[in-house]
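Structure at a glance
Here are the chains, one letter per residue:
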Protein chains: 2
Amino acid sequence: MNMDAEIIAVGSELLTPFRQDTNSLYLTEKLNALGIEVRFKTIVGDDRARLAALLRTALNRSQIVILTGGLGPTEDDINREVVAEVLGRPLREVPEIRKRIEERFARLGRSMSGNNARQALVPEGAAWLANRLGTAPGLWIETDGSQIILLPGPPRELEAMFESECVPRLARVSRGSPIKRRVYKVIGLPESEVDQRIAPLYKAYQNPVTTILAVSGVIEVHLRAHGENEAEAEALLSELGDKIETALGEHVFSSRGESLEQVVGMYLVLKQKTLATAESCTGGLLGERLTRISGSSSFYRGGVICYSNEVKTKFVGVPAQLIEEMGAVSSPVAQALAEGVRARMSASIGIGITGIAGPTGGTAEKPVGLVFIGLADERSTQVREFRFPGDRERVRLWSTNAALEMIRRRVRD
Amino acid sequence: MNMDAEIIAVGSELLTPFRQDTNSLYLTEKLNALGIEVRFKTIVGDDRARLAALLRTALNRSQIVILTGGLGPTEDDINREVVAEVLGRPLREVPEIRKRIEERFARLGRSMSGNNARQALVPEGAAWLANRLGTAPGLWIETDGSQIILLPGPPRELEAMFESECVPRLARVSRGSPIKRRVYKVIGLPESEVDQRIAPLYKAYQNPVTTILAVSGVIEVHLRAHGENEAEAEALLSELGDKIETALGEHVFSSRGESLEQVVGMYLVLKQKTLATAESCTGGLLGERLTRISGSSSFYRGGVICYSNEVKTKFVGVPAQLIEEMGAVSSPVAQALAEGVRARMSASIGIGITGIAGPTGGTAEKPVGLVFIGLADERSTQVREFRFPGDRERVRLWSTNAALEMIRRRVRD
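A quick note: this is a predicted structure, and the numbers were derived from the prediction, not measured.

Reading guide: rules and limits
Residues numbered from 1 in each chain as written. Chains lettered and ligands numbered in written order. Predicted model: local features only at pLDDT ≥ 70, side-chain atom pairs only at ≥ 80, totals over all residues. Helix = DSSP H or I, 4+ residues; strand = E, 2+ residues; numbered from the N terminus. Rg over C-alpha atoms; globule rule 2.2 N^0.38 Å. Buried ≥ 20, exposed ≤ 12 C-beta atoms within 10 Å, placed from the backbone. Contact = placed C-beta atoms within 7 Å. Pairing = 2+ DSSP bridges. Axes fitted to C-alpha atoms, helices over the stretch in contact; angles between N-to-C directions. Nonpolar A, V, L, I, M, F, W, Y, C, P; charged D, E, K, R; others polar. Least-squares fit on C-alpha atoms with pLDDT ≥ 70 in both. Core = buried A, V, L, I, M, F, W, Y, C linked by C-beta atoms within 7 Å. Bend = angle between axes of the 7 residues up to and from the residue. Domains from an automatic or database assignment. Parallel < 35°, antiparallel > 145°, perpendicular 65-115°, else oblique. Left-handed = near helix turned anticlockwise from the far one by under 90°. pLDDT = per-residue confidence, 0-100.

1. Some details on the overall build of chain A
When helices and strands are counted, chain A shows 13 helices and 17 strands. The globule rule puts the C-alpha radius of gyration for 413 residues at 22 Å, and the 27 Å found for chain A is more than 25% above it. Here chain A, with 413 residues, has 48% of them falling under the buried criterion.

2. Here's the deal with the environment of isoleucine 149 of chain B
Residue and element names in this part refer to chain B. Mapping isoleucine 149 onto the fold places it in strand S8 (residues 147–151). For the pair isoleucine 149 and asparagine 115, spaced 34 residues apart in sequence, the C-alpha separation works out to 22 Å. Among residues more than four places away in sequence, those in contact with isoleucine 149 are Ile66, Gly138, Trp140 and Cys166.

3. With respect to the sheet that holds strand S1 (residues 3–10) of chain A
Taken in spatial order, the 12 strands make up an open sheet running S6(A)-S7(A)-S8(A)-S3(A)-S1(A)-S2(A)-S2(B)-S1(B)-S3(B)-S8(B)-S7(B)-S6(B), and their pairing is mixed. Either end of the sheet is taken by a strand with one partner, and the two such strands are strand S6 (127–129) of chain A together with strand S6 (127–129) of chain B. Neighbour-to-neighbour, the strand axes of this sheet turn through a mean angle of 15°, independent of strand direction. Sheet topology note: the strand S2 (residues 36–44) of chain A/strand S2 (residues 36–44) of chain B ladder contains five bridges and is antiparallel. For phenylalanine 40 of chain A, the partnering residue across the bridge sits in S2 of chain B and is valine 44 of chain B.

4. Considerations on the interface of chain A and chain B
Between chain A and chain B, the residue contacts involve 46 residues of the former and 46 residues of the latter. At the level of elements, helix H1 (23–33), S2, helix H2 (48–61), strand S10 (209–215), helix H9 (285–290), strand S14 (300–305) and helix H10 (309–316) of chain A are the ones that each hand at least two residues to the side of chain A that touches chain B. Its residues placed into classes, the side of chain A that touches chain B shows 20 nonpolar, 18 polar and eight charged. Note: S14 of chain A against strand S14 (residues 300–305) of chain B, three bridges, orientation antiparallel. Within the sheet, the bridge partner assigned to glycine 303 of chain A lies in S14 of chain B and is isoleucine 305 of chain B.

5. As for the relation of the copies chain A and chain B
To go from the first copy of the chain to the second, apply a rotation about an axis and then a shift along the same axis. By a simple turn and slide, chain A fits onto chain B: the slide is 0.8 Å along the axis, the RMSD is 0.9 Å, and the turn is 180°. Such a turn and shift between the copies fits a two-fold axis. A symmetric contact is evident, with 100% of the interface residues of chain A recurring at the interface of chain B.

6. Some thoughts on the sheet that holds strand S10 (residues 209–215) of chain B
What links the strands of a sheet is backbone hydrogen bonding, and the strands pair in either a parallel or an antiparallel sense. Residue and element names in this part refer to chain B. Strand order in the open sheet made by the four strands is S10-S11-S9-S12, with antiparallel pairing throughout. Each edge of the open sheet carries a strand with a single partner, namely S10 and strand S12 (252–254). Along the sheet, successive strands turn relative to each other by an average axial angle of 35°, direction set aside. Along the sheet, helix H7 (residues 230–248) makes contact with strand S9 (179–186), strand S11 (218–226) and S12, crossing S9 at roughly 15°.

7. Describing the nonpolar core
In a soluble, globular protein the nonpolar side chains are often hidden away together inside. If you look at the biggest cluster of nonpolar residues, it comprises 147 residues, and the most contacted ones within it are Leu337, Ile351 and Ile407 of chain A together with Leu337, Ile351, Ile373 and Ile407 of chain B. Ignoring any residue separated from it by four or fewer positions in sequence, one finds isoleucine 351 of chain A in contact with Leu275, Thr277, Ala278, Leu286, Ala338, Gly374, Leu375, Ala403 and Ile407 of chain A. In this structure, Ala9 and Phe162 of chain A together with Ile64 and Trp128 of chain B belong to the second largest nonpolar core, which totals 93 residues.

8. Side note on helix H5 (residues 155–173) of chain A
In an α-helix, one turn spans 3.6 residues; hence positions three or four apart end up facing the same way. Residue and element names in this part refer to chain A. Bending of H5 peaks at approximately 45° at the position of cysteine 166, with proline proline 168 no more than four residues after it. For H5, the complete set of buried residues consists of Leu158, Met161, Phe162, Glu165, Cys166 and Leu170. Considering only its buried residues, H5 is in contact with H1, S2, strand S3 (64–68), S6, strand S7 (138–143) and strand S8 (146–151).

9. Comments concerning the domain arrangement of chain A
Residue and element names in this part refer to chain A. Splitting chain A by domain gives domain 1 (3–173), domain 2 (179–254) and domain 3 (260–412). Summarising the inter-unit geometry, the C-alpha centres of domain 2 and domain 3 are found 31 Å apart. Taken together, the seven residues of domain 2 in the interface contact seven residues of domain 3. Split by residue class, the side of domain 2 that touches domain 3 holds three nonpolar, four polar and no charged.

10. Topic: the packing of helix H6 (residues 191–202) of chain B against H7 of chain B
All names here are of chain B. Between H6 and H7, the shortest axis-to-axis distance is 10 Å and the interhelical angle comes to 150°. Classed by the angle they form, the pair H6 and H7 counts as roughly antiparallel. Like other packed secondary-structure pairs, H6 and H7 cross with a definite hand, here right-handed. Residues Val194, Arg197, Ile198, Leu201 and Tyr202 of H6 pack against Leu240, Lys243, Ile244, Ala247 and Leu248 of H7. Per-class residue counts for the contact of H6 with H7 are eight nonpolar, no polar and two charged.

11. Topic: the environment of methionine 326 of chain A
Residues and elements named next belong to chain A. Along the polypeptide, methionine 326 turns up in helix H11 (residues 320–326). For methionine 326, a count of 15 C-beta atoms within 10 Å corresponds to the partly exposed category. Not counting the four nearest positions on each side in its chain, methionine 326 is found in contact with Pro332 and Val333.

12. Digging into the pairing of strand S11 (residues 218–226) of chain A
Residue and element names in this part refer to chain A. With eight bridges connecting them, strand S9 (residues 179–186) and S11 associate as antiparallel partners. Each residue of the ladder has a partner; that of valine 183, found in S11, is histidine 222. By the bridge criterion, seven bridges tie S10 to S11 in an arrangement that is antiparallel. The residue bridging threonine 210 from the neighbouring strand is leucine 223, located in S11. Linking S10 to S11, which pair antiparallel, is a turn of two residues; within it serine 216 sits at a positive phi near 50°.

13. Quick notes on unusual backbone geometry
Residue and element names in this part refer to chain A. The residue after asparagine 207, namely proline 208, is reached through a cis peptide bond having omega 10°. By secondary structure assignment, the location of proline 208 is in the loop between helix H6 (191–202) and S10. The residue glutamine 272 is not glycine, and still its phi comes out positive at about 55°. By secondary structure assignment, the location of glutamine 272 is in the loop between helix H8 (260–270) and strand S13 (275–279).

14. Structural notes on the environment of isoleucine 212 of chain A
All names here are of chain A. Along the chain, isoleucine 212 turns up in strand S10. On the basis of neighbour counts, which here come to 17 C-beta atoms within 10 Å, the residue isoleucine 212 falls in the partly exposed class. When the C-alpha positions of isoleucine 212 and glutamate 191 are compared, they lie 7.7 Å apart, and in sequence the two are 21 residues distant.

15. Quick look at the confidence of the model for chain A
Averaged over all residues, the pLDDT of chain A equals 92, while 100% of them reach at least 70. The complex prediction reports pTM at 0.82, with the ipTM value standing at 0.81.

Here it is as structure tokens:
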């Protein structure tokens, strides 16, 4: 039987329209891997009475209760005190924690403020969790039937502490079967078509559970399996996963979490090809995505952001007459951009993108969302015409997805 | 006295590491504007017993309880039934809803599946809320002391329904004073320095409440005021806001929500200046940010992504010898990039960025995070040296922030 956990994020700023709790996504992934299910996620402000009531409810319904945030040095940071109060345990100063905080301040050349001393207070009987990246230690409290874990709010501190201090402890108490996940990323098929192809396969399985999501123009097929041990869960993932991969064929570009640009970069390095880009409507987004990858200088020569016609002509060699006759957004201009940037940057492959991202600039003949993408290599040049729905951001994103997919297919074959 | 609301997002997919509840951000903003405070946000899976227990707790502590999601046609969609069960009210089919759903399917050329008939069920005494953009109607139920609102999960449907059906109803029941917000965006000062300058000002006010956040290298000062009416709340925002703006001076680039690139674009258009960019380590991110703005073609000529040294030389005219002698990451190369791209693209202003984004490529002398940014205009060229902490993504983002800020200052003066 898997253990139940819940996550309580504490902080009034998380109840504004401006901030999201993202720590819970990281924690969920780690808890699931240990065979622990997350049943509730709650956000509450810096309010003692509300947090105390919520904590009592949580201790009645969940075996593991994780509180994030609220461990800082200020008056607003109430988690330590509320937990001590709800459990009826006095707070005691731990000299070792105080010493560490003082040393940390000394290393930074500052002296500890009185407020920081509050961070050395620990409820009776609690273990404290070292914070390598900040001053606030975490806390681990066992009660009759529950584990309460207090973690700092900053993601870097929380993640480092959870990994080193909590995962080993949880592995000891968890009696659950491990949960493993796998994500197949699919491009070039609409969500409905993906579902139609694979529904007969995944409906035959209660375990793994399959979910289909559309994320930034990529369709993701999520499998989630539990088994007696990790190997059994993995075997279940592979059994269904292999069938899904066969049904979706070449549209699957990743099953290990890689992004489309990472897969493209990998193929380019593998085949020892280089790439150059000439982008109009995407304004550098394709170059930006390619250079997110560390080491991209080994395959990416560079690009021209040809936002004006003069730059298309002067930097990429697109004849001014061609632009005038066909329009900047046209198949021949996409071809000339791809071929021109390939030749001038001495790359194996050249990409040219020209289109109308909107919201203005569309006409009846050339509407917003019309995009031409050219790909030139030593053999030939291919131009594809797309009509992307949606707003400016979406048209630009989908254009770069389509360009990356064209490169992937060309290089893979 | 302001009313208390809480938001419950229902859906097992929201308890995975892959999905966030974003509807609550929209709802919080709208509720606050009506003088309603959000006290709790909870996420729970598609589980009848857990949702029922949570709903009972919520009805005990909040005057307005909003449930999102769980109104679809499938077995997983439990909100309608759980609410009816908790309130002890039978579900009755509403012929008008059924007719609307059938008409919607007919318009799409499909026939209604049996499952969709469930969407016409309404708990006794509840009002239903028309859904212009989907099949699932919302529900509004008054109980002794609470309002329960059920909304569909898809953001487009939820937002349209909330705006047209809920805002007018809530305005009638809310006895609270309106809450207004303002955000000052600050660049070029660390968070601690911002706080030091403005703490004496905002600490004199209980209303507005001030919060300082660091978001992607920009410091945001959030003010939140409530008043008898919107004008009074606005006046309070202006009173404190003007003092804060004076204390932070030229570091404030926005008080109306604009992004840094929008402000820069606005100045460039206003002063009739054009811009060209030569980016090495940022790989097109600066161009991408500038061209997010619709209409950017009026000031942005284009750019070169000079990821290889040959491209720096051939496309921007940086002497190969200079690169060899000084290194590609150096002040003279940043200067040559800025001046070269300005001249070759016939722009008023040229920007050159060269640096080491990491994680590899750093040396003792030129560590990861070292970035030179050059700005050339008709008067002179300025080069600034930066050492940004953090990972590749952060170094690239902060580099483009710094470049945009250099442009803002140059063009504004």
